[in-house]
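Structure assessment
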Amino acid sequence: MKIRWFNTLPVIIFIALLLCLWLGLGRDTNLLPSALLEKPMPVFTLPDLNNQPLSEKQWQGKVALVNIWATWCLPCRTEHPILLKLAEQGVTIYGLNYKDDYQDALLWLNQRGNPYQSVARDVGGLVAIDWGVYGVPETFVIDKKGNIRYRLVGILTEEAWQKQLKPLMDTLQEE
Amino acid sequence: MKFIYHLFFLMTLFTSVVAQAAVEDEYPFDTPTQQAQFMRLSGQLRCLVCQNQSLADSDATLAQDLRQQMYVRVKEGQSDQDILHYFTERYGQFVLYTPPVQENTYLLWGLPLFLFLAAVVIIGRHVVRRKTL
């Protein structure tokens, strides 16, 4: 009996579907790539920890991390020691303090240590929206020109640093 | 017993009216057109925190902030396109429940049509062959 090509079509479609579903397994759909990749940092002017105006221009010039954090954010507690360690190693980290209380933020940094070169206080949360932030913590990698090159959603773990951020930042240094 | 059913029915009716009124109180508009635009757009956008809820449905603080941004923009009289652009610029096309037809979505939009046509051809050939037998 001759097998016609279109008789095998359902089987092919079924296998293709299985393959698609298989590839989808283990993918975390909560992690979104940034819409701002390869684009400059959003323009902003916010008060810093001394209530002095701070703009994105002051974050330009170096390959750096921009970390979105808040004292009310539980995962940030886990992340903080890792940021401190990186800062000690000479990594430039800027902070965007998201929808937080000024005094709480000061207390947090005094008690736990301050890994940030400077902190912009986004009390209203609008600048974070410009960055496309949808949860805390999030960490962006910016290049020397101030372009966004990577976004990490969730805790910056030792593993994420070694596997993703560090290699990227090393290559960005060469640019 | 019937009385209880009626009472229950009235209560559910009442709560939905209250919910609708709450939305209108929270986001008062000058014109019904703007009101309609706001309701329409907030139903078309995804809440990023709880991804299977629309901006209109979600109580997440981020959704509230984004609704506020939409409210301000609708009041300013911005077009649907401008407002949707504000969101896609920041959050990518993932925020849209209806993805636009473009290069990387041709497969998505085209596949159902292709499968339908393929089915028509296959069934058609089948039918024709049976008739000629």
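Provided above is the structure to which this section pertains.
In short, a report on the structure.

About the cut-offs
- Residues numbered from 1 in each chain as written.
- Chains lettered and ligands numbered in written order.
- Predicted model: local features only at pLDDT ≥ 70, side-chain atom pairs only at ≥ 80, totals over all residues.
- Helix = DSSP H or I, 4+ residues; strand = E, 2+ residues; numbered from the N terminus.
- Contact = placed C-beta atoms within 7 Å.
- Nonpolar A, V, L, I, M, F, W, Y, C, P; charged D, E, K, R; others polar.
- Pairing = 2+ DSSP bridges.
- Axes fitted to C-alpha atoms, helices over the stretch in contact; angles between N-to-C directions.
- Core = buried A, V, L, I, M, F, W, Y, C linked by C-beta atoms within 7 Å.
- Buried ≥ 20, exposed ≤ 12 C-beta atoms within 10 Å, placed from the backbone.
- Left-handed = near helix turned anticlockwise from the far one by under 90°.
- Expected span 1.5 Å × (residues − 1).
- Arc of directions from axis to C-beta.

When helices and strands are tallied, chain A shows five helices and seven strands. Along the longest, intermediate and shortest principal axes, the C-alpha atoms of chain A span 85 × 35 × 30 Å. Sequence separation of 24 or more characterises 72% of the internal contacts of chain A that already satisfy a separation of 6 or more.

The subject of this paragraph is the interface of chain B and chain A. The partner chain A presents nine residues to the 13 residues of chain B that form the contact. Elements represented by at least two residues in the side of chain B that touches chain A include exactly helix H3 (61-75) and helix H4 (80-91) of chain B. Residue composition of the side of chain B that touches chain A, grouped by class: seven nonpolar, three polar and three charged.

All right, on to the sheet that holds strand E5 (residues 119-122) of chain A then. Within a beta sheet, neighbouring strands are joined by backbone hydrogen bonds and run either parallel or antiparallel to one another. Residues and elements named next belong to chain A. Read across the sheet, five strands follow the order E5-E4-E3-E6-E7 without closing on themselves; strand pairing throughout is mixed. What marks the edges here is a single partner per strand, and that holds for E5 and strand E7 (148-153). Across the sheet, the mean angle separating the axes of adjacent strands is 20 degrees when strand polarity is ignored. Where strand E3 (residues 64-69) meets strand E4 (residues 93-98), five bridges bridge the pair, whose relative direction is parallel. Of the residues in E4, the one forming a bridge with Asn 67 is Gly 95.

In this section: the nonpolar core. Within the largest apolar cluster, 51 residues are counted, with the highest numbers of intra-cluster contacts made by Ala64(A), Val66(A), Tyr98(A), Ala128(A) and Ile142(A). Excluding its chain neighbours within four sequence positions, the residues that come into contact with Tyr98(A) are Ile68(A), Trp69(A), Ala70(A), Asp122(A), Gly125(A), Ala128(A), Val133(A) and Val136(A).

Glancing now at unusual backbone geometry. All names here are of chain A. Cis rather than trans, the peptide bond between Val 136 and Pro 137 has omega equal to -5 degrees. Summarising the element assignment, Pro 137 is placed in the loop between helix H4 (126-130) and strand E6 (138-142). Unusually for a residue other than glycine, Glu 38 sits at a positive phi of about 70 degrees. Residue placement: Glu 38 occurs in the loop between helix H1 (9-24) and strand E1 (45-47). You can call Glu 38 exposed: it has 9 C-beta atoms within 10 Å. Look at Lys 99: it is not a glycine, yet its phi comes out positive at around 45 degrees. Inspection of the secondary structure puts Lys 99 in the loop between E4 and helix H3 (102-112).

This paragraph deals with the packing of helix H2 (residues 32-44) of chain B against H3(B). Working note: a packed helix pair is described by the angle between its axes plus the distance between those axes. All names here are of chain B. It is at 10 Å that the axes of H2 and H3 come closest, and there the two elements cross at 145 degrees. The element H2 and its partner H3 pack so that their crossing is right-handed. In this structure, H2 contributes Gln 34, Gln 37, Phe 38, Leu 41 and Ser 42 to the contact, and H3 contributes Arg 67, Met 70, Tyr 71, Val 74 and Lys 75. When grouped by side-chain class, the residues that make up the contact of H2 with H3 number five nonpolar, three polar and two charged.

The next subject is the environment of Val133(A). With respect to the element layout, Val133(A) can be found in the loop between H4 and E6. Under the C-beta neighbour-count criterion, Val133(A) is labelled buried, with 24 such atoms within 10 Å.

On to the environment of Leu62(B), then. Structurally, Leu62(B) can be placed in helix H3. Remark: the alpha-carbon pair of Leu62(B) and Val95(B), spanning 33 residues in sequence, is separated by 13 Å. For Leu62(B), the residues in contact, after removing those within four places along its chain, are Tyr134(A), Leu48(B) and Val49(B).

Another point: H2(B). Turn by turn, an α-helix covers 3.6 residues, leaving residues three or four places apart pointing in a common direction. Residues and elements named next belong to chain B. Taking 1.5 Å as the rise per residue, H2 with 13 residues should run 18 Å; its terminal C-alpha atoms sit 18 Å apart, in good agreement. Restricting attention to buried positions, one finds in H2 the residues Gln 37, Phe 38, Leu 41 and Ser 42. For H2, the buried positions fall inside an angular range of 115 degrees around the axis, keeping them on one side. Among the exposed residues of H2, those oriented more than 90 degrees off its buried face are Pro 32, Thr 33, Ala 36, Arg 40 and Gly 43. Buried residues in H2 make contact with H3 and H4.

Another aspect to go through is the pairing of E6(A). Residue and element names in this part refer to chain A. For E6, the tally of buried residues reaches five of five residues, placing the bulk of the element in the interior. Across the two faces of E6 the burial is the same, with Glu 138, Phe 140 and Ile 142 and Thr 139 and Val 141 all buried. Where E6 meets E7, five bridges bridge the pair, whose relative direction is antiparallel. Residue pairing across strands places Phe 140 opposite Arg 151, the latter belonging to E7. Turn length for the E6-E7 hairpin, with the two strands adjacent in sequence and antiparallel, is five residues, and the turn residue Gly 146 shows positive phi of about 90 degrees.

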